[in-house]
Amino acid sequence: MHFHANDTMKEQVDATYTHNIERLVKKVCVLAQERGETHEKCCLRASSLQCLSAMVWFMVEFSTFLLILMW
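Residues numbered from 1 in each chain as written. Predicted model: local features only at pLDDT ≥ 70, side-chain atom pairs only at ≥ 80, totals over all residues. Heavy atoms only, no water.

(A) The arrangement of the pattern of salt bridges in detail. Inspection of the entire model under this criterion finds one salt bridge. The salt bridge partner of Glu34 is Lys41, with a shortest N-O separation of 2.7 Å. (Salt bridge = Lys/Arg side-chain N within 4 Å of Asp/Glu carboxyl O.)

(B) Fine view of the layout of surface pockets. Taken as a whole, the largest pocket holds about 260 Å³ of empty space. Secondary-structure elements contributing two or more residues to the lining of the largest pocket are helix H1 (5-32) and helix H2 (39-70). Counting residues per element, the lining of the largest pocket draws most heavily on H2, which supplies five residues. Residue composition of the lining of the largest pocket, by class: six nonpolar, two polar and one charged. (1 Å grid on protein atoms, 1.4 Å probe; cavity = no way out; pocket = protein on both sides within 12 Å on 5 of 7 lines; lining within 4 Å. Points joined across faces, edges and corners; volume = space filled by probe spheres on them. Helix = DSSP H or I, 4+ residues; strand = E, 2+ residues; numbered from the N terminus. Nonpolar A, V, L, I, M, F, W, Y, C, P; charged D, E, K, R; others polar.)

(C) Examining the side chain of Ser48 more closely. One can find Ser48 in helix H2. The exposure class of Ser48 is buried, given its relative accessible area of 4%. In contact with Ser48, other than residues within four places in its own chain, are Val28, Leu31 and Ala32. (Buried < 20%, exposed > 50% of the residue type's maximum accessible area, 1.4 Å probe, protein only. Contact = heavy atoms within 4.5 Å.)

(D) Structural context of a nonpolar patch on the surface. On the surface, Tyr17, Ile21, Val56, Trp57, Phe58, Met59, Val60 and Phe62 cluster together to form a nonpolar patch covering roughly 840 Å² of accessible area. Those elements that place two or more of their residues in the nonpolar patch are H1 and H2. Sorting elements by how many residues they give to the nonpolar patch places H2 first, with six residues. (Patch = residues over 30% accessible without salt bridge, like charges linked within 9 Å, V, L, I, M, F, W, Y side chains within 5 Å. Areas by Shrake-Rupley, 256 points an atom, 1.4 Å probe, with all protein chains shown as cover.)

Below you can see the structure in the form of structure tokens.
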């Protein structure tokens, strides 16, 4: 198996995106666990959960798309 410089660059970009997504998910998870019953806290939790849901949906759709392209 031969690797080209372009392949290495793509792997580095993928790793950077993965690292950034992991950091974002951790931050959104912290927001989703905010305690309190004020309207603002409830909205923050709901928005955080919606964000996580959208991110998971996007990753599943994107992964499926990549698998189709690879076949």
